[in-house]
There are 2 protein chains.
Amino acid sequence: MKQRISIVELAKHLGLAVSTVSKAINDRGDVSDATKRRVLEAAEKLGFSPDPAGRRLRTQTSETIGFVLSPPQSHFAHPFFLDLLMGIDQGLSETPFQLIIVAARTLETELDSFRRLVERQRVDGVMFGRTRRDDPRIRYLQERNVPFVALGRSETGKPFPFVDIDRTVAGRNGTARFVGFGHRRIGLLSTPGYLMISRLLQEGYRAALKAAKLPFDADLVVETSNDEAGGLSGARQLLALGNPPTAIMCGHDLIATGAMQAIAETGRRPGVDIPVIGCDNHPLGPYLNPPLTTFSAPTLEAGRRMVELLLALMDGGSPEQLQDIWSPELILRSSHGGQLVAAAEV
Amino acid sequence: MKQRISIVELAKHLGLAVSTVSKAINDRGDVSDATKRRVLEAAEKLGFSPDPAGRRLRTQTSETIGFVLSPPQSHFAHPFFLDLLMGIDQGLSETPFQLIIVAARTLETELDSFRRLVERQRVDGVMFGRTRRDDPRIRYLQERNVPFVALGRSETGKPFPFVDIDRTVAGRNGTARFVGFGHRRIGLLSTPGYLMISRLLQEGYRAALKAAKLPFDADLVVETSNDEAGGLSGARQLLALGNPPTAIMCGHDLIATGAMQAIAETGRRPGVDIPVIGCDNHPLGPYLNPPLTTFSAPTLEAGRRMVELLLALMDGGSPEQLQDIWSPELILRSSHGGQLVAAAEV
DNA sequence: GTGAACTCCGAAATCGTTTTCGTGCGTAAG
DNA sequence: CTTACGCACGAAAACGATTTCGGAGTTCAC
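In this convention, every chain numbers its residues from 1, walking through the sequence in written order. Following the order in which they are written, the chains are lettered starting with A and the ligands numbered starting with 1. Confidence filtering applies because this is a predicted model: local features only for residues at pLDDT of at least 70, side-chain atom pairs given and counted only at 80 or more, and all residues used for totals across whole chains, interfaces and linings. The basis for every side-chain value is the complete set of non-hydrogen atoms in the structure, without hydrogens or water.

**Re the interface of chain B and chain A**
A common measure of how large an interface is: the accessible area buried when the components associate.
1) Next: Each side of the interface is counted separately: chain B has 55 residues, and chain A has 55 residues.
2) Next: Summing the contributions of chain B and of chain A, the shared interface buries around 5100 Å²; its carbon and sulfur component is 56%.
3) Next: Criterion for a salt bridge: a side-chain nitrogen of Lys or Arg within 4 Å of a carboxyl oxygen of Asp or Glu. The interface formed by chain B and chain A includes two salt bridges.
4) Next: Arg122 of chain B is paired through a salt bridge with Asp51 of chain A; the nearest N and O atoms lie 3.6 Å apart.
5) Next: Secondary structure elements are taken from DSSP: a helix is a run of H or I of four residues or more, a strand is a run of E of two residues or more, and numbering for both begins at the N terminus. For the side of chain B that touches chain A, the elements supplying multiple residues, two or more each, are α4 (52-59), α5 (78-92), β2 (98-103), α6 (110-120), α10 (228-239) and α11 (253-265) of chain B.
6) Next: Here the element with the most residues in the side of chain B that touches chain A is α5 of chain B; it accounts for nine residues. By the convention used here, residues are in contact when the closest approach between their heavy atoms is within 4.5 Å. By convention, the term buried area covers the 1.4 Å-probe accessible surface removed from two parts as they join, with the contributions of both added.

This is the structure:
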C-alpha cells in the first residue's frame with residue numbers, strides 16, 4: 001500500500017503553513033495565484049488528496065447521499081432501477097458527494113433503513129422511488145428536515161422535489177389509442193393501489209373513457225403486483241369475466257408480459273386477438289412475441305435530474321420550484337394490435 | 001432537524017469521563033458491567049450514536065466498501081446485478097460498513113473509478129464483477145494492496161478471493177444434454193472473449209464434445225455482446241452457415257432471447273425446431289415462448305458470500321482459502337427441445 | 001498491617017482537515 | 001515621513017471520536 005501523505009507533510013515539504021495549503025487546494029481567497037499553482041503542482045506530484053474523514057469531521061457534513069432500494073417485491077423493475085442508479089451516479093460524479101445505497105428487505109423495515117441512513121450514517125440527502133399515495137418515508141424525512149428528492153410525486157405532506165414520469169398520460173393515451181381502434185371494453189391492469197403510479201394510471205384511463213363517452217366498469221380494472229406473475233393472474237381474472245375486455249392496458253411491461261401469457265393460455269393470440277400495451281420500455285419488450293408496444297421512461301435522465309434537484313434543494317432552493325413532470329411517449333411496436341374487425345364489435 | 005448529541009455531552013450527562021463512555025459503547029474492556037449498562041441505556045434514551053466522521057478519523061478506517069458497476073455495455077445483465085447488490089447489502093447490514101457504488105462509464109475510464117474509490121474515498125475494500133481473463137482492475141488492486149473480492153475468477157495476478165458460478169459446468173452440461181438428444185452440430189453463442197465466463201463456457205463446451213467424441217468446429221462458436229442484440233446477430237451468423245447447428249447453447253439468457261428471435265426469423269420454431277439453452281435464470285425466461293431452459297445463478301447468495309469473503313480477507317485470511325466455485329444447476333423448462341427426430345440427423 | 005495484584009475510571013493526546021483571526025509586509029495616500 | 005490600508009500568509013482552535021497510560025480504590029495473600 002503506497003503510503004498516504006497528509007496536508008501537514010505537504011505543507012512542510014512546501015515550506016508553507018497548513019492553512020495556506022488548505023486554502024490553496026480549496027481555492028478559497030487569501031492566497032496568491034503563484035503559491036496556489038505551486039501547491040497544486042506539489043499535491044499532484046506527491047499524490048496528495050485530502051482525507052475525507054478529516055474534512056467531514058471539520059465541516060460537519062458527510063458528503064454522502066443515500067439511496068434506498070425498495071423492498072424486493074417486484075424488484076422495482078430491474079433495468080429501470082439500474083438505469084436510475086447510473087443516472088444518479090453520473091449526476092454525482094462531478095460533485096464531492098458519494099452515493100451509498102441500502103436495500104430495504106421488507107415494507108415493515110423500510111423506515112428503519114431510512115433511520116439508519118440519516119441518524120447513524122448522517123447522510124446529507126436521500127433519494128428513493130416507488131412513491132406511494134400515503135408515504136411514511138416522506139413524512140419521516142420532512143419531520144427530520146432532511147433534504148430528499150423522490151422519483152414520483154405523492155399525496156403526502158408538504159411539497160417536495162421530485163421527478164415524475166407521468167403515468168396519467170400513459171393511461172390516457174394508451175386507452176385512447178384502443179378507443180380509436182374501436183374497442184369499447186378496455187381492461188386496465190394496474191400496479192398495487194397504494195402506489196402513486198397506480199392512482200395516476202387509473203386517472204388517465206378514466207379520463208380517456210370519459211372523453212370517449214364510454215362507461216366506466218370497475219370490473220375492468222384490477223390492481224396486481226408489479227411483475228410477470230401479477231400480470232398473469234390479473235389478466236386471467238379479466239379474461240374470466242362474462243364480458244371480458246377486448247384490449248388490455250398495463251401499468252408495466254412486466255405486467256404486460258404476464259398478461260400476454262394469460263391471453264395465450266385461452267387460445268387467443270396476444271397482441272392480435274387481444275392487444276396489449278405496457279409501460280416503461282423494458283429492454284426485453286422488442287423480443288416478446290409480438291413485440292410490445294409501450295411507453296418510454298427516460299430513467300437515466302431522471303436519475304441525473306434528481307441529483308440536480310437535490311443539490312438545488314440543499315442549496316436553499318424551494319421545493320415547489322423543484323418538481324419535474326415528464327410525459328412518456330408511446331413506443332409503437334406491434335402488440336397494440338390494429339383496427340378492430342367489425343365482427344368483433346358489440 | 002432534531003439536534004445531535006456528542007459523546008462529551010453524553011458523558012457529562014452521566015457524570016462519567018468521555019473515555020469511559022466510549023469504551024462502554026464499543027464494548028471494550030476496562031469498564032464494569034453496571035456502568036456499561038447505564039451508558040447504553042442513556043445512549044438509547046438520548047438518541048446518541050457515534051459520529052462516523054470522528055470515529056473514522058481516529059481509527060484511520062473508512063468503514064466503507066465500494067462496488068463499481070461495470071460499463072453499461074450489456075448493463076451487466078440487469079436483474080442479476082440487482083440481486084447481487086441486494087445480497088451484498090444484506091451481508092453488510094450487520095457490520096459497520098457501508099456500501100458505496102460508482103458507475104464506470106466506459107471501459108477506458110473504468111480504472112479511474114477504481115482509483116477514485118481507493119485513493120480519494122479511501123474505501124477499505126472493493127468488489128466488482130464481470131472478471132476478465134486479463135484484468136487490469138485486479139492488477140491495480142493487488143499493486144495497491146487493497147482488499148477486494150470479485151465475482152468470477154480470472155487468470156490475472158496472484159490468488160485473490162472470489163465467488164464463481166462455474167460457467168464450465170453450464171457449458172458442459174448444456175451441450176451434453178443436446179448431445180444426448182442426438183444433436184451432432186451444436187452452436188455456441190458465447191459472451192465476449194475477453195470475459196472469463198466466456199473462456200470457461202467454451203471449455204465446458206469442448207469438454208462435452210470431446211466426451212461424446214464429436215469434432216470441434218470453430219465456425220459453430222461465435223462470441224457476441226452479452227445482450228439480446230448480440231444473440232440476434234450471433235444466431236443469424238450461425239444460421240447462415242452452409243451446415244448450420246441443430247441446437248444452440250447460449251452464454252446468457254439475454255443472448256438466448258435474441259437467438260430465439262433469429263431462429264423465428266428463418267421460419268423455424270425456436271426451442272422446437274432448434275432448441276436453445278441459456279444461462280443465469282433471467283426472471284423473464286418463463287415468459288418467453290417457449291419458456292427458456294437455463295442454468296441457475298444464485299446471485300443473492302453470491303453477494304452475501306462475497307461480503308463474508310471480504311471481511312475474512314481483511315481479517316487476515318489468506319486469499320487461497322477464500323475462493324468459492326459454485327455449480328449452476330439446469331433449470332428445465334421447454335426451450336431445450338426434446339429427442340431429435342430421426343429425419344433431422346445425418 | 002502491608003505490599004501486590006486487580007478493577008475501574010479519567011486526563012490527555014491524536015487522527016487530518018477547515019476556519020478564524022492575527023501579523024507582517026509593502027504600497028499608496030496624506 | 002508618517003499613517004492607513006490591503007494583501008498574503010501563519011498559529012491555533014475547533015470538529016468528535018478512540019486509545020494509551022496512569023492513578024485511585026478495592027481485594028487478597030502473607
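Here the narrative resumes, following the displayed structure.
**A word on the sheet that holds strand β8 (residues 247-250) of chain A**
Residues and elements named next belong to chain A.
1) Next: The parallel open sheet is built from four strands, whose spatial order is β7-β6-β8-β9. At either end of the open sheet lies a strand with only one pairing partner, and these are β7 (221-223) and β9 (276-277).
2) Next: Those strands touched by helix α8 (residues 167-180) are β6 (186-190), β8 and β9, and its axis lies near 170° from that of β8.
3) Next: To obtain each axis, a line is fitted to C-alpha atoms, and for helices this fit is confined to the stretch in contact; angles are then taken between N-to-C directions over 0 to 180 degrees. Sheet strands touched by helix α11 (residues 253-265): β6, β8 and β9. Its angle to β8, the strand with the most contacts, is close to 155°. Two strands form a pair only when DSSP identifies at least two bridges running between them.

**Re the packing of aromatic side chains**
1) Next: Each Phe, Tyr or Trp ring, with Trp reduced to its six-membered ring, pairs with another whose centre is within 6.5 Å; inter-plane angles below 30 degrees give stacked pairs, above 60 give edge-to-face pairs, and intermediate values give tilted ones. Under the counting rule described, the total for this entry stands at 12 aromatic pairs over all chains.
2) Next: Aromatic side chains Phe67 of chain A and Phe81 of chain A sit 5.9 Å apart centroid to centroid with 50° between the ring planes, which places their arrangement in the tilted category. Note that Phe67 of chain A is positioned in strand β1 (residues 64-69) and Phe81 of chain A in helix α5 (residues 78-92), a separation of 14 residues in sequence.
3) Next: With 5.6 Å between their ring centres and 80° between their planes, Phe114 of chain B and Phe128 of chain B make a pair best called edge-to-face. Of this pair, Phe114 of chain B sits in helix α6 while Phe128 of chain B is found in strand β3 (residues 125-128), placing the two residues 14 residues apart along the sequence. For the pair formed by Phe114 of chain B and Phe128 of chain B, the shared burial category is buried.
4) Next: Pairwise contacts between aromatic rings join Phe114, Phe128, Phe148, Phe160 and Phe162 of chain A into one cluster.
5) Next: We call a charge positioned above a ring when the Lys NZ or Arg CZ atom is no farther than 6 Å from the ring centre and deviates by at most 35 degrees from the ring normal. For Arg206 of chain A, the ring lying beneath its charged end belongs to Phe216 of chain A, and the centroid distance is 3.8 Å. Burial status follows relative accessibility: with a 1.4 Å probe on protein chains alone, a residue under 20% of its type maximum counts as buried, one over 50% as exposed, and anything between as partly exposed.

**Section: the sheet that holds strand β8 (residues 247-250) of chain B**
All names here are of chain B.
1) Next: Read across the sheet, four strands follow the order β7-β6-β8-β9 without closing on themselves; strand pairing throughout is parallel. Of all strands in the sheet, those with a lone pairing partner are β7 (221-223) and β9 (276-277), marking the two edges.
2) Next: Helix-sheet contacts for α10 involve β6 (186-190), β7 and β8, and the interaxial angle to β6 is about 150°.
3) Next: Along the sheet face, α11 touches β6, β8 and β9 and points at about 155° away from the line of β8.

**Quick notes on the protein's contact with DNA strand D**
1) Next: The rule for a residue being near a molecule or strand is that one of its heavy atoms must lie within 4 Å of it. Around DNA strand D, a shell composed of 28 residues is seen, among which Asp30 and Thr35 of chain A together with Ile7, Ser22 and Arg28 of chain B lie nearest.
2) Next: One of the backbone nitrogen or oxygen atoms of Asp51 of chain B is found 2.8 Å away from a phosphate oxygen of DNA strand D.
3) Next: Secondary-structure elements contributing two or more residues to the surface near DNA strand D are α2 (18-25) and α4 (52-59) of chain A together with α2 (18-25) and α4 of chain B.
4) Next: Tallying contributions element by element places α4 of chain B first for the surface near DNA strand D, with five residues.
5) Next: For the surface near DNA strand D, the residue count by class is nine nonpolar, 12 polar and seven charged. Counted as a polar contact is a pair of N or O atoms within 3.5 Å, where, for protein atoms, one must be capable of donating a hydrogen and the other of accepting one, and residues adjacent in sequence contribute only when both atoms are in side chains. Each residue receives one of three labels: charged for Asp, Glu, Lys and Arg, nonpolar for Ala, Val, Leu, Ile, Met, Phe, Trp, Tyr, Cys and Pro, and polar for the others, Gly being one of them.

**Topic: helix α12 (residues 299-314) of chain A**
All names here are of chain A.
1) Next: Its 16 residues place the ends of α12 23 Å apart at the C-alpha level, agreeing with the 22 Å of an ideal helix rising 1.5 Å per residue.
2) Next: Among all positions in α12, only Thr299, Ala302, Gly303, Met306, Val307, Leu309, Leu310 and Leu313 are buried. Axial view of α12: buried residues confined to an arc of 165°, hence all on one face.
3) Next: Gly316 sits one or two residues past α12 and shows a positive phi near 105°. Helix span, expected: 1.5 Å multiplied by one less than the number of residues in the helix. In this description, one arc is meant: the one made by directions from the helix axis to the C-beta atoms.

**Observations concerning the protein's contact with DNA strand C**
1) Next: In the region of DNA strand C, 29 residues are neighbours, and Ile7, Ser22 and Arg58 of chain A together with Asp30 and Thr35 of chain B sit closest.
2) Next: Among all atoms of DNA strand C positioned within 4 Å of the protein, those belonging to sugar or phosphate total 59%.
3) Next: In the model, a phosphate oxygen of DNA strand C is placed 2.6 Å from a nitrogen or oxygen of the Ser22 of chain A side chain.
4) Next: Between DNA strand C and Asp30 of chain B there is a distance of 2.4 Å, counted from a base nitrogen to a side-chain nitrogen or oxygen.
5) Next: Those elements that place two or more of their residues in the surface near DNA strand C are α2 and α4 of chain A together with α2 and α4 of chain B.
6) Next: In terms of residue count, the dominant contributor to the surface near DNA strand C is α4 of chain A (five residues).
7) Next: Broken down by class, the residue content of the surface near DNA strand C amounts to nine nonpolar, 13 polar and seven charged.

**Considerations on the pattern of salt bridges**
1) Next: Following the criterion strictly, the structure yields 42 salt bridges over all chains and no others.
2) Next: A salt bridge links Glu119 of chain A to Arg144 of chain A; the shortest N-O distance between them is 3.5 Å. Of this pair, Glu119 of chain A sits in helix α6 (residues 110-120) while Arg144 of chain A sits in helix α7 (residues 136-144); the two residues are 25 residues apart in sequence, bridging distant segments of the chain.
3) Next: The exposure class of Glu119 of chain A is partly exposed, given its relative accessible area of 27%.
4) Next: For Arg144 of chain A, a relative accessible area of 9% puts it in the buried group.
5) Next: One salt bridge connects Asp134 of chain B with Arg139 of chain B, and the closest N-O pair in it is separated by 2.7 Å.
6) Next: Taking the relative accessible area as the measure of exposure, Arg139 of chain B reaches 41% and is therefore partly exposed.

**Considering the environment of Ile197 of chain B**
All names here are of chain B.
1) Next: Looking at the secondary structure, you find Ile197 in helix α9 (residues 196-211).
2) Next: Along the primary structure Ile197 and Glu143 are separated by 54 residues, whereas in three dimensions their C-alpha atoms are 24 Å apart.
3) Next: With near-sequence residues (within four places) excluded, Ile197 lies in contact with Arg167 and Thr191.

**Quick notes on the packing of α6 of chain A against α7 of chain A**
All names here are of chain A.
1) Next: It is at 10 Å that the axes of α6 and α7 come closest, and there the two elements cross at 25°. Relative to α7, the element α6 lies roughly parallel. As for the relative orientation of α6 and α7, their crossing is right-handed in sense. Across the interface between the two elements, Glu110, Leu111, Phe114, Arg115, Val118 and Glu119 of α6 pack against Pro136, Arg137, Tyr140, Leu141 and Arg144 of α7.
2) Next: Here the contact of α6 with α7 is composed, by residue class, of six nonpolar, no polar and five charged. If an angle is under 35 degrees, it is roughly parallel; if it is over 145, roughly antiparallel; if it lies from 65 to 115, roughly perpendicular; otherwise it is oblique. In this scheme, a crossing is called left-handed if the near helix is turned counterclockwise away from the far one by less than a right angle; it is called right-handed if the turn is clockwise.

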